[in-house]
Amino acid sequence: MKIFITGATGLLGGNLVRHLWSKGERDLRVLVRASSKTLAIDDLQVERVPGDIRDPGSLAAAVSGVEQVHHCAASISQWQGNRRQSYEINVNGTVNVMEACLKAGVKRVVYVSTVDTLGFSSRENPADENWPEHQSMARMKNPYFDSKYDAEQEAKKFLSKGLDLVIVKPTTMIGEWDVKPATGQLIIPAARGLVKVYPGDGGGSFVDALDVCEGMRLAMQKGRTGEAYILGNERGNMTYREFFAMVAGLAGKSPPWIRMPKAIALLAGYAADAAGAVFRFEAEFNSSVARIAYANHYFTSRKAIAELGMPQSGIEGAVKRAVAWFTKYGYL
Ligand SMILES: NC(=O)c1ccc[n+]([C@@H]2O[C@H](COP(=O)([O-])OP(=O)(O)OC[C@H]3O[C@@H](n4cnc5c(N)ncnc54)[C@H](OP(=O)(O)O)[C@@H]3O)[C@@H](O)[C@H]2O)c1
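Residues numbered from 1 in each chain as written. Predicted model: local features only at pLDDT ≥ 70, side-chain atom pairs only at ≥ 80, totals over all residues.

J.: Just to check I follow, could you spell out the overall build of the protein chain for this structure?
T.: If you tally the helices and strands in the protein chain, you get twelve helices and twelve strands. For 332 residues, the compact-globule estimate of 2.2 N^0.38 gives 20 Å, and the protein chain sits close to it at 19 Å. Each principal axis of the C-alpha distribution contributes one length, and for the protein chain these read about 55 × 40 × 35 Å. Residue burial in the protein chain is summarised as follows: out of 332 residues, 50% are buried. Relative to all contacts within the protein chain whose residues are 6 or more apart in sequence, the contacts with residues 24 or more apart total 77%. (Helix = DSSP H or I, 4+ residues; strand = E, 2+ residues; numbered from the N terminus. Rg over C-alpha atoms; globule rule 2.2 N^0.38 Å. Buried ≥ 20, exposed ≤ 12 C-beta atoms within 10 Å, placed from the backbone. Contact = placed C-beta atoms within 7 Å.)

This is the structure we're talking about:
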């Protein structure tokens, strides 16, 4: 069984390749860009195909003879200056991958969307796959949220063309092999004890990246065609204050203690927007991120647990493994 994985040099894809390998899968093919840092897959004997999801020509060769595809690749940048690139990679790139899969007769595709397509919720009433609040996310004017929402709509159009597609929506993943880093951008400063402020009651939903990988493997095996599955953790809903305190505590540092007023965070975000636009740098903290930090992004994975048997490992274990990995590879 040949399995093709996009985004294999990233946090999710790297862990997925390693997870499938640990489950005995040996016929694995991955897409690698000329610029990719390949640390996450360097010790595995997987077939590497050069390409870019924006280049349909490279994808035709990549999916030839493949039975299953996990499409993880995306731009996760939340900076307005990258809006065009977010659409080119997330929307056009996804269409290219789906088209290539359809043409090559791939048996099944698992497409990685995100819970950020769904909308804000509350801890008492976390969002599920049918949550009707998408507009609350759309109002954030965030290029990542917007492009991933549109990408999912485009991917779903391939169902009527005959593509066997299952959609997964991970929450915020914590794990090793976060080479860029992705969510390491939250963990590294907290583990260094540098996060002193917290954003009021804002909170999110965290999950062990390895649980997501197993959820994807199970979705490929027994997910229902056309269905979406939130891949999170029922005990992973926490305020950002709780999350940063947990990371700092596990790394032996002090927790954040200053409650940052929203108005000040927004001012700092707008200043970062302006500085990024003038000096042409990627402002990772910006006005959209500031607004999002004060919202509640809580989700339930009841459906994935019931239908797929998605595991629910503790978040602390994932944070400990991530901190150990960042330390070993010199990020900390
Ligand atoms: N991180 C989270 O907590 C989270 C939560 C929910 C959903 N997701 C979704 O999970 C997926 C993976 O995210 P991640 O956190 O693993 O991100 P990541 O660490 O930034 O990895 C992104 C991957 O996509 C690849 N990629 C980007 N642009 C590409 C292009 N034009 N052609 C081919 N490959 C390209 C990157 O390759 P290079 O190494 O060459 O850059 C990298 O392998 C994404 O679809 C994201 O939306 C992530």
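What follows picks up the thread again.
J.: For this particular structure, what's the right way to read the pairing of strand β1 (residues 3-6)?
T.: Side-chain positions along a regular strand alternate between the two faces of the sheet. Side-chain alternation along β1 places I3 and I5 on one buried face and F4 and T6 on a second face that is also buried. Note: β1 against strand β2 (residues 28-32), three bridges, orientation parallel. Across the sheet, residue I3 finds its bridge partner in β2, namely L28. Viewed along the sheet, the connection from β1 through helix α1 (residues 11-22) into β2 turns out right-handed. Pairing between β1 and strand β4 (residues 68-71): four bridges, direction parallel. Paired with I3 across the bridge in β4 is Q68. (Pairing = 2+ DSSP bridges. Right-handed = clockwise from strand over helix to strand, strands pointing away.)

J.: Is there a simple way to think about the site of the ligand in this case?
T.: The environment of the ligand is formed by 32 residues, the closest being G7, T9, G10, S36 and A74. For the shell around the ligand, the secondary-structure elements that each account for two or more residues are α1, α3 (83-104) and β7 (172-174). Considering every element that reaches the shell around the ligand, the biggest residue donor is α1, with three residues. A breakdown of the residues in the shell around the ligand according to their chemical character gives 14 nonpolar, twelve polar and six charged. (Near = placed C-beta within 6 Å. Nonpolar A, V, L, I, M, F, W, Y, C, P; charged D, E, K, R; others polar.)

J.: What is the right way to look at the sheet that holds strand β6 (residues 165-170) in this model?
T.: Strand pairing in a sheet relies on backbone hydrogen bonds. The paired strands run either parallel or antiparallel. On the basis of which strands lie adjacent, the open sheet formed by seven strands has the order β3-β2-β1-β4-β5-β6-β10 and parallel pairing. Only two strands of the sheet have a single neighbouring strand rather than two, namely β3 (47-50) and β10 (228-231). Ignoring which end each strand starts from, the neighbouring axes of this sheet average 20° apart. Here β6 pairs with β10 via four bridges, running parallel. Opposite V168, over in β10, you have Y229 as the bridge partner. Across the sheet, helix α2 (residues 56-63) touches β1, β2, β3 and β4, and the angle it forms with β3 is around 160°. Helix-sheet contacts for α3 involve β1, β4 and β5 (108-112), and the interaxial angle to β4 is about 180°. (Axes fitted to C-alpha atoms, helices over the stretch in contact; angles between N-to-C directions.)

J.: Honestly, the environment of V323 in this entry has me stumped. Any pointers?
T.: Tracing the backbone shows V323 in helix α12 (residues 315-328). Counting along the chain gives 173 residues from V323 to D150, while the straight-line C-alpha distance between them is 34 Å. Residues within four places of V323 in sequence aside, it is in contact with I187, A191, L250, A251 and L332.

J.: Any chance you could explain the sheet that holds strand β11 (residues 237-239) here in plain terms?
T.: In spatial order, the strands read β7-β9-β11; together these three strands make up an open sheet with mixed pairing. Only two strands of the sheet have a single partner each, and these edge strands are β7 and β11. Averaged over all neighbouring strand pairs, the angle between strand axes comes to 45°, with direction disregarded. Inspection of the sheet shows β7 paired to strand β9 (residues 203-208) by three bridges, in the parallel sense. Paired with M173 across the strands is V207, a residue of β9. The strands touched by helix α8 (residues 240-250) within the sheet are β9 and β11, with β11 carrying the most contacts at an inclination of about 90°.

J.: Just to check I follow, could you spell out helix α7 (residues 209-222) for this structure?
T.: An α-helix turns once every 3.6 residues. As a result, residues three or four positions apart point the same way. The end-to-end C-alpha distance of α7 is 20 Å, a good match for the 20 Å that 14 residues give at a rise of 1.5 Å each. Turning to α7, its buried residues number three or more, namely A209, L210, D211, V212, C213, E214, G215, M216, R217, L218, A219 and M220. (Expected span 1.5 Å × (residues − 1).)

J.: Would you mind showing me how to read the packing of α2 against α3 here?
T.: In a packed pair of helices, the relevant descriptors are the angle between the two axes and the axis-to-axis distance. Where α2 contacts α3, the axes come no closer than 9 Å and their chain directions differ by 40°. If you check the angle between α2 and α3, you find them oblique. When the axes of α2 and α3 are compared, the crossing they make is right-handed. Taking contact as the criterion, the partners of P56, L59, A60 and V63 in α2 are, on α3, N96, V97, E99, A100, C101 and A104. The residue inventory of the contact of α2 with α3, partitioned by class, reads eight nonpolar, one polar and one charged. (Parallel < 35°, antiparallel > 145°, perpendicular 65-115°, else oblique. Left-handed = near helix turned anticlockwise from the far one by under 90°.)

The quantities given are spatial measurements derived from coordinates; they are silent on function.
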